Amino acid sequence: MPPKKRKRTEKEIVIENYNLDEVKATKEWTEKTFRILNTRIKGDTLEEKAVQILRAQNITTTMTKAHLLKENEGKLRLRKIIGDGGIDLFGEIVIQNQTLQWIAQCKMTKQLENGMINEMKGLLSSRPNTIGIIIHGGNKSKQIESMIETANSDIFVCHIEELHMIRNQIEAKSIQQGIRTIAMTRMKVEEMEEVEFDIFGRITKAKRIKNVDIQTWGSQSK
């Protein structure tokens, strides 16, 4: 009997459906998208293109909101928006056998504002083992590069026309310098006696501590 064919996983099917050479954004795509007058539709177009490009690179990607549209008398009416809390996309990427979480913001504007970096820093501040990706379609200032260097977690600012190389960029950063993310520690203590804490809630003195379990999330650069 011939060997049974292995059933493909859902991830393999998704990747197969998006050929990187076919879905990557071109200059013509960017120019066409900027001609869209409706700001929301323009932004959605960028997000949908980003999802295709990321999935084609074997990067698990989820959109945080869904627009359910209904056509009525030739007009599209917005029926429902699921809030995203400032995050447009999120997912996971495996780099050197390490699974990293990532969140992304998408901006289809002529000029990427510096405030986007501070906003991303804020979103990452409470997310251990998570990097940020800002996907844009316009220009960016030189100041942005220096701003991301001071972030506690790595932030990758990527033009949509270069997004097809984002996996290579993250892998190169991991090999050369290591990936920088917020680390978070949780400590579970079964029993404590005569314990003193500082103003940050850290234990400074204790007569007795029993059965301590410490878990850490996140990583630091090399």
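Everything below is about the structure shown above.
Residues numbered from 1 in each chain as written. Predicted model: local features only at pLDDT ≥ 70, side-chain atom pairs only at ≥ 80, totals over all residues. Heavy atoms only, no water.

### What to know about a nonpolar patch on the surface
A contiguous nonpolar patch, built from M192, F197, I203 and I209 and spanning about 330 Å² of accessible area, is present on the exposed surface. Mapped onto the nonpolar patch, the elements with two or more residues apiece are β10 (184–197) and β11 (203–217). Here I209 shows up in strand β11. Using a relative accessible area of 37% as the deciding quantity, one classes I209 as partly exposed. (Patch = residues over 30% accessible without salt bridge, like charges linked within 9 Å, V, L, I, M, F, W, Y side chains within 5 Å. Areas by Shrake-Rupley, 256 points an atom, 1.4 Å probe, with all protein chains shown as cover. Salt bridge = Lys/Arg side-chain N within 4 Å of Asp/Glu carboxyl O. Helix = DSSP H or I, 4+ residues; strand = E, 2+ residues; numbered from the N terminus. Buried < 20%, exposed > 50% of the residue type's maximum accessible area, 1.4 Å probe, protein only.)

### Things to note about the pairing of strand β5 (residues 98–107)
By the bridge criterion, 7 bridges tie strand β4 (residues 89–95) to β5 in an arrangement that is antiparallel. Of the residues in β5, the one forming a bridge with E92 is Q101. Between β4 and β5, which pair antiparallel in sequence order, lie 2 residues; one of them, Q96, sits at a positive phi of approximately 50 degrees. Where β5 lies against strand β7 (residues 130–136), 7 bridges are found, and the strand directions are parallel. (Pairing = 2+ DSSP bridges.)

### Remarks on the pairing of strand β9 (residues 155–159)
Counting buried residues in β9 gives 5 out of 5 residues, a clear majority hidden from the surface. Here β9 shows two buried faces, one formed by I155, V157 and H159 and the other by F156 and C158. Bridge count between β7 and β9: 5 bridges; the pairing is parallel. The partner of I135 across the bridge, within β9, is C158.

### Some words on unusual backbone geometry
Although it is not a glycine, N58 sits at a positive phi angle of roughly 60 degrees. Within the secondary structure layout, N58 lies in the loop between α4 (39–56) and β1 (60–63). Given a relative accessible area of 38%, N58 falls into the partly exposed group.

### Some points on the side chain of N129
Turning to its location among the elements, N129 is positioned in the loop between α5 (115–124) and β7. Among the polar contacts listed, one links the side chain of N129 to the backbone oxygen of T99, at a separation of 3.0 Å. (Polar contact = N/O pair within 3.5 Å; in protein donor to acceptor, adjacent residues only side chain to side chain.)

### Things to note about the packing of helix α3 (residues 27–34) against α4
Contact geometry of α3 with α4 gives a least axis separation of 9 Å together with a crossing angle of 155 degrees. On the basis of the axis angle, α3 is roughly antiparallel to α4. Two secondary-structure elements touch here, α3 through W29, T33 and F34 and α4 through K42, T45, L46 and K49. Among the residues making up the contact of α3 with α4, the classes are represented as 3 nonpolar, 2 polar and 2 charged. (Axes fitted to C-alpha atoms, helices over the stretch in contact; angles between N-to-C directions. Parallel < 35°, antiparallel > 145°, perpendicular 65-115°, else oblique. Contact = heavy atoms within 4.5 Å. Nonpolar A, V, L, I, M, F, W, Y, C, P; charged D, E, K, R; others polar.)

### Notes on the sheet that holds β4
Taken in spatial order, the 5 strands of this open sheet run β1-β4-β5-β7-β9, and their pairing is mixed. The open sheet has two edge strands, β1 and β9, and neither has a second partner. Going across the sheet, the axis of each strand differs from the next one's by a mean of 25 degrees, ignoring polarity. Along the sheet face, α5 touches β5, β7 and β9 and points at about 145 degrees away from the line of β5.

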